[in-house]
Amino acid sequence: MRAWRTILISALLPLALGAARAEESDGEVEARKVALDLAGAFANDGFKLRDGHWSGPINQGEQALVAVNLYAGNQYWFSVGASEAAKKVKVQIYDEEGKPITTDEYAEENQAAAGFSPSLSGQYFVGIRPEESAAAYCLVYSYK
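Calculation criteria
Residue positions are given per chain, counted from 1 along the sequence in the order it is written. Totals for whole chains, interfaces and linings use all residues, but because this is a predicted model, local features are given only for residues with pLDDT of at least 70 and pairs of side-chain atoms are given and counted only at 80 or more. Only hydrogens and water are removed before side-chain values are computed, so all heavy atoms of the structure are retained for them. Numbering goes from the N terminus for both helices and strands, where a helix is a DSSP run of H or I of at least four residues and a strand is a run of E of at least two. Only protein chains enter the accessibility calculation, which uses a 1.4 Å probe. A residue is then buried if its area is under 20% of the maximum for its type, exposed if over 50%, and partly exposed in between. In this description, contact between two residues means that some pair of their heavy atoms is separated by no more than 4.5 Å. Surface exposure here means Shrake-Rupley accessible area, sampled with a 1.4 Å probe, where a residue is shielded only by the protein chains that are shown. Every residue is assigned a pLDDT by the predictor, reflecting its confidence on a scale from 0 to 100. One less than the residue count of a helix, multiplied by 1.5 Å, gives the span that helix is expected to have. Read the arc as the range of directions from the helix axis to the C-beta atoms. For two strands to be treated as a pair, DSSP must find no fewer than two bridges joining them. Each axis is a line fitted through C-alpha atoms, and for a helix only the stretch in contact is used; angles between axes span 0 to 180 degrees, taken between their N-to-C directions. Put simply, buried Ala, Val, Leu, Ile, Met, Phe, Trp, Tyr and Cys residues joined by side-chain atoms within 4.5 Å make one nonpolar core. Whenever a nitrogen or oxygen atom comes within 3.5 Å of another N or O atom, the pair is scored as a polar contact, on the condition that within protein one atom can donate a hydrogen and the other can accept it, and that pairs from neighbouring residues in sequence are kept only if both atoms are in side chains. Salt bridge, as used here: a side-chain nitrogen of Lys or Arg that lies within 4 Å of a carboxyl oxygen of Asp or Glu.

K.L.:
In this structure, what is going on with the overall build of the protein chain? I would like to understand it.
P.N.:
Per the secondary structure count, the protein chain includes two helices and nine strands. Starting at the N terminus and ending at the C terminus, the protein chain contains elements arranged as α-α-β-β-β-β-β-β-β-β-β. Relative to its full complement of 144 residues, the protein chain shows a buried share of 38%. Counting only contacts in the protein chain whose residues sit at least 6 apart along the sequence, the fraction spanning at least 24 positions is 81%. Entry remark: accessible area of the protein chain is about 8,700 Å², with carbon and sulfur atoms responsible for 53%.

So this is what it looks like as structure tokens:
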């Protein structure tokens, strides 16, 4: 009985912590709108928006990393929006060893995107970095 209680608590604790974080700040909502507006441009090119998004606060000089599983042969665009406090934001893709990958890039004010087509399936990392000030960010990605 005690073992089942431990397993149940271990399984439910991450869900409870996730629910506590479920409410987004105004900056994160603003950043998501900017990211979705940018991703809409790629939808016009036949890209499909993947469900879900990643958001949170980030300080100048820091980098947020998001792990994603990608498939060889697909094309991807990673769109980042930031709150207006960020005058410039950068997106960088890394392979599973942490080496930067050459991408097509787009950047304008508080939005940026990086696109590429992986030659190998596997885990990749998306780095988001505000270049001039702290801000809230939101990452969404599209594929085809």
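Picking up where we left off.
K.L.:
Even after reading the chapter, I still don't get the confidence of the model for the protein chain, so can you show me in this structure?
P.N.:
When pLDDT drops low, the exact placement of atoms in the prediction is not to be read closely. In this model, the protein chain carries a mean pLDDT of 84, and residues with pLDDT of at least 70 account for 84%. Low pLDDT, under 50, characterises residues 1-21; the stretch is placed with four contacts to residues that sit more than four places away or in other chains.

K.L.:
Looking at this model, I keep getting lost on the side chain of serine 79. Mind explaining?
P.N.:
Within the secondary structure, serine 79 sits in strand 4 (residues 76-82). Serine 79 sits in the buried class, given a relative accessible area of 0%. With sequence-adjacent residues up to four places away left out, serine 79 is seen in contact with Ala35, Leu38, Ala39, Phe42, Ala112, Ala113, Cys138, Leu139 and Val140.

K.L.:
How should helix 2 (residues 26-43) be read in this particular structure?
P.N.:
At 3.6 residues per turn, the α-helix brings residues three or four places apart onto the same side. Here helix 2 contains 18 residues, and its C-alpha end-to-end distance of 26 Å stays within 8% of the 26 Å for a straight helix at 1.5 Å per residue. Looking only at helix 2, the buried set comprises Gly27, Glu28, Ala31, Val34, Ala35, Leu38, Ala39 and Phe42. Along the long axis of helix 2, the arc covered by the buried residues comes to 135°, so they all point the same way. Within helix 2, the exposed residues directed more than 90 degrees away from the buried face are Asp26 and Lys33. Looking at the buried positions of helix 2, the neighbouring elements they touch are strand 1 (48-49), strand 2 (54-58), strand 4, strand 6 (104-108), strand 7 (111-116) and strand 9 (135-143).

K.L.:
Mind showing me how you'd approach the sheet that holds strand 3 (residues 64-70) here?
P.N.:
The strands that make up a sheet are held in pairs by hydrogen bonds between backbone atoms, and each pair lies either parallel or antiparallel. What the three strands build is an open sheet, ordered 3-8-5; its pairing is antiparallel. Two strands close off the open sheet at either side, each with one partner strand: strand 3 and strand 5 (89-94). For this sheet the average axis-to-axis angle between neighbouring strands, irrespective of direction, equals 25°. As defined by bridge partners, strand 3 adjoins strand 8 (residues 122-130) across seven bridges and the pair is classed as antiparallel. Across the sheet, valine 66 pairs through a bridge with valine 126, a residue of strand 8.

K.L.:
What is the right way to read the nonpolar core from this model?
P.N.:
Across soluble globular proteins, you tend to see nonpolar side chains buried next to one another. Within the largest apolar cluster, 21 residues are counted, with the highest numbers of intra-cluster contacts made by Val68, Leu70, Phe78, Val91, Ile93, Val126 and Ile128. Elements that contribute at least two residues to this core include exactly strand 3, strand 4, strand 5, strand 7, strand 8 and strand 9. The biggest single contributor to this core is strand 3, with four residues. If we ignore the near neighbours within four places in the chain, the residues touching phenylalanine 78 are Val68, Leu70, Val91, Ile93, Ala112, Ala113, Ala114, Phe116, Val126, Leu139, Val140 and Tyr141.

K.L.:
Can you help me understand the side chain of glutamate 28 in this one?
P.N.:
Structurally, glutamate 28 can be placed in helix 2. By relative accessible area, glutamate 28 is classed as buried at 4%. At 3.0 Å, the side chain of glutamate 28 forms a polar contact with the side chain of serine 55.

K.L.:
Would you mind going over the pattern of salt bridges with me for this structure?
P.N.:
Side-chain pairs of opposite charge can arise where the charged atoms are in close proximity. Following the criterion strictly, the structure yields five salt bridges and no others. Close ionic contact of lysine 99 with glutamate 97 constitutes a salt bridge, the shortest N to O distance being 3.1 Å. Overall, the relative accessible area of 58% leaves glutamate 97 in the exposed class. Shared partners join several salt bridges into a network, and the residues in it are Lys88, Arg129 and Glu131.

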